[in-house]
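Each chain is listed here by its residues.
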Amino acid sequence: MRKPEAPTSGTLLGNSAYIFLIRFFPTLATVVALVWLSRHMSPAWYGRYQSFWVQWQVLHVVACLGLPTLVLTYPAALINGLVRGTSRRQAAVVAGWWVVVAGGLMAVQWLTNSLFAPWQAGAFLLLSVPVAVLEAYALLGRQFRPVALISVTYAGIFGLSHALLVGEVLSSTQLMYWLLLGNGLRLGALAQLARRQYHAAAGPVAWHTVRSLWFHTALNEVVQVLFRWVDKFALNFLLPAALFALYFNGTLDVPFLPLLLGAAGSALLLHFGQPDLPDAARLATLKTAATVLGRIVFPLFFFLILFRAELFGVVFAHRYDAAVPLFLVSSLVIPLRAYNFTALLQHKGCGRIITIGAVLDLLLALGLMYPLYRLLGLAGVALAFVVSTYCQAGFYVVHTARLLAVRWFDVLPWRSWAGQFAGFGLGFLLLHLLLSRFFTEQVVLLSAGVATGLLMVVSLWRLRRQPPV
């Protein structure tokens, strides 16, 4: 029987698909809700709604302390040992930290006249943190199907509650009651999975044995989420709600790309734990995964860049057309999603390098924000984060190459990417010229979207005929 902590190479793509699907449905529900609310609610209301989620995103990662990623980094036996080795004092300190961060979120709701009651926001955060940790623990135990069922159920509650909100059946406060219910059910179900998975016979392991990697993992995740959200986090306090709504929609990450990269990264960490796997094989796996991701990321990149006007016109009913230039700038970072720049560094325990890269990334972005804002307006703020992200990627590539004693350009699948980028770019440019000449924007967007989806399906179908990664 295959050991959970030592997956064979053939499980990598299957694990990636499972993890992606588990996270896909809640993200899909969030995207659908975003579109509904953008089309049917006033920009001022929508801006206040998204302000809460920006605040929650930042404080949720701060509260998690890197524990979900830490759980996926080590074998199940060691994690069980860490659980058994946790003292009551240590558990109380962690729980106390969650309460403190939840209190911070409550204070922000009170100060900003939030749509939701402060106690609701705090309770939602207190439920969400153990949910994230227990979900990672269930993934470590390969309990993919039950976790997927839990994920779909929560997504259904999330989507239904927002549909009732748009239909004026629920108020904002009642919406949060539904979300609290969904999170409570998810927490209970994941706790049951954890109880079945936990092995009490595991020998206790002291936390100081993983303290260094844990510290850098937690710090890196906080810095990464600050990098992703710091502009929105700051602007949600500085801009009027309606203008913040415009900036939020214009700089919104393509939802499923970070999700896809996160799923691939989690699967890579599980795969790299295979015993006696040489570094050359790990690098080959990483490059193969990047080639696969390129077949998905590059078509989506050109679709979003070339069909951006039709996308905003159809999806947002021309209510946020002023955000299109912001969207163009922020989308320039998408090609980097085809590679997991920290997977090997994290597997090797190079938390310090990851942290330095994340901090330098954030500092560079913050340093560029004001001068680029003076030059380009809000688009300059978005450009600052694009430039710093490319610099961070180069930093990680150089250090990964040093770690593996190879040349830096041998770390990336340049040849495969070049062919994909040129082919997809030319194809989508011709497709846009042809469609926009003869059809309405609705038909143009639908046709291009179908073509993009078919390309991805064909790429994945061809992948199934190749030997396992």
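Sequence positions are assigned chain by chain, starting from 1 and proceeding in written order. Whole-chain, interface and lining totals are the exception, using all residues; otherwise, since this is a predicted model, local features are given only for residues with pLDDT of at least 70 and side-chain atom pairs are given and counted only at 80 or more. Side-chain figures throughout are based on the complete set of non-hydrogen atoms in the structure, without hydrogens or water.

According to the UniProt record, the Subcellular location (unreviewed entry) comment for the protein is "Cell membrane". UniProt positions are given in the numbering used here, feature names are shortened, and annotations may be inferred rather than shown by experiment.

Our focus in this paragraph is the overall build of the protein. For the purposes of this entry, the term helix denotes a DSSP run of H or I that reaches at least four residues, the term strand denotes a run of E that reaches at least two, and both are numbered from the N terminus. Within the protein, the regular secondary structure consists of 19 helices and 0 strands. Considering the protein as a whole, with its 469 residues, one finds that 52% of them fall into the buried category. Note on definitions: a residue-residue contact is assigned when non-hydrogen atoms from the two residues lie within 4.5 Å. Residue pairs at least 24 apart in sequence account for 84% of intrachain contacts in the protein once pairs closer than 6 positions are excluded. For every accessible area listed, the method is Shrake-Rupley and the probe measures 1.4 Å; residues are considered covered only by the protein chains on display. Per element, the accessible surface of the protein, about 21200 Å² overall, is 69% carbon and sulfur. For every residue, the accessible area obtained with a 1.4 Å probe (protein chains only) is divided by the maximum for its type, and the residue is called buried under 20%, exposed over 50%, and partly exposed between those limits.

In this scheme Phe, Tyr and Trp rings, the latter by its six-membered ring, pair at centre separations within 6.5 Å, and the angle between planes marks the pair as stacked below 30 degrees, edge-to-face above 60, and tilted otherwise. Applying the stated criterion across every chain, the model contains 24 aromatic pairs. Plain terms: the ring middles of Phe 52 and Trp 53 are 5.0 Å apart, the flat faces sit at 70 degrees to each other, and that makes the pair edge-to-face. For Phe 52, a relative accessible area of 1% gives the class buried. The interplanar angle of 65 degrees and the centroid separation of 5.0 Å between the aromatic rings of Phe 301 and Phe 302 together place this pair among those described as edge-to-face. Ring pairs connect the aromatic residues Trp 45, Tyr 49, Phe 52, Trp 53, Trp 56, Phe 116, Phe 124, Tyr 154 and Phe 158, which therefore count as one cluster.

A contiguous nonpolar patch, built from Leu 21, Phe 25, Leu 28, Val 32, Trp 36 and Val 152 and spanning about 430 Å² of accessible area, is present on the exposed surface. Among the elements that take part in the nonpolar patch, helix H1 (residues 12–40) stands out by supplying 5 residues, more than any other. Here Phe 25 lies in helix H1. Residues form patches when they are more than 30% accessible in relative terms and have no salt bridge. Like charges link within 9 Å. Nonpolar side chains (Val, Leu, Ile, Met, Phe, Trp, Tyr) link within 5 Å. Basic side-chain nitrogens of Lys or Arg form a salt bridge, by our definition, when they fall within 4 Å of a carboxyl oxygen of Asp or Glu.

Our focus in this paragraph is the packing of helix H2 (residues 43–64) against helix H6 (residues 118–140). In contact at an axis separation of 10 Å, H2 and H6 are set at 45 degrees when each is read in the N-to-C sense. Here H2 is positioned oblique relative to H6, judged by the angle of their axes. Between H2 and H6 lies a crossing of right-handed hand. Judged by residue contacts, Phe 52, Trp 53, Trp 56, Leu 59, His 60, Ala 63 and Cys 64 of H2 engage Ala 121, Phe 124, Leu 125, Ser 128, Val 129 and Ala 132 from H6. Side-chain classes are defined by residue name, with Ala, Val, Leu, Ile, Met, Phe, Trp, Tyr, Cys and Pro counting as nonpolar, Asp, Glu, Lys and Arg as charged, and the others, Gly among them, as polar. Of the residues assigned to the contact of H2 with H6, the class counts are 11 nonpolar, 2 polar and no charged. The convention used is that axes are lines fitted to C-alpha atoms, helices contributing only their stretch in contact, and that angles between N-to-C directions extend from 0 to 180 degrees. What sets the label is the angle itself: under 35 degrees gives roughly parallel, over 145 gives roughly antiparallel, 65 to 115 gives roughly perpendicular, and the rest give oblique. A clockwise turn of the near helix away from the far one marks a right-handed crossing, whereas an anticlockwise turn of less than a right angle marks a left-handed crossing.

In this section: the environment of Ala 155. Looking at where Ala 155 falls in the secondary structure, it is placed in helix H7 (residues 144–166). Sequence-wise, Ala 155 and Thr 27 are 128 residues apart; in three dimensions their C-alpha atoms are separated by 7.8 Å. The contact partners of Ala 155, leaving out residues within four places of it in the chain, are Phe 25, Pro 26 and Ala 29.

Moving on, we get to helix H5 (residues 88–111). With 24 residues, H5 ought to run about 34 Å at 1.5 Å a step, and its terminal C-alpha atoms sit 35 Å apart, in line with that. Within H5, burial applies to Val 94, Trp 98, Val 101, Ala 102, Leu 105, Val 108 and Gln 109. Downstream of H5 by one or two residues, Asn 113 has phi in the positive range, about 55 degrees. Working rule for helices: expected span equals 1.5 Å times residues minus one.

With that settled, the discussion passes to unusual backbone geometry. Even without glycine at this site, Ala 317 takes up a positive phi of about 55 degrees. Along the chain, the position of Ala 317 falls in the loop between helix H13 (308–315) and helix H14 (324–330). Given the relative accessible area of 37%, Ala 317 is considered partly exposed. Positioned with a positive phi, His 318 is a non-glycine residue whose angle comes to about 60 degrees. Residue placement: His 318 occurs in the loop between H13 and H14.

All right, on to helix H17 (residues 378–404) then. Taking 1.5 Å of rise per residue, 27 residues should cover 39 Å, and H17 covers 40 Å from first to last C-alpha, within 8% of that figure. Looking one or two places after H17, you find Ala 405, whose phi comes out positive at around 60 degrees.

Of note, Gln 420 is situated in helix H18 (residues 414–438). Taking the relative accessible area as the measure of exposure, Gln 420 reaches 11% and is therefore buried. Residues adjacent in sequence count toward polar contacts only when both atoms are side-chain atoms; beyond that, a polar contact is any pair of N or O atoms within 3.5 Å, and within protein one must be able to donate a hydrogen and the other to accept it. Reaching out from Gln 420, the side chain makes a polar contact with the backbone oxygen of Thr 291 at a distance of 3.2 Å.

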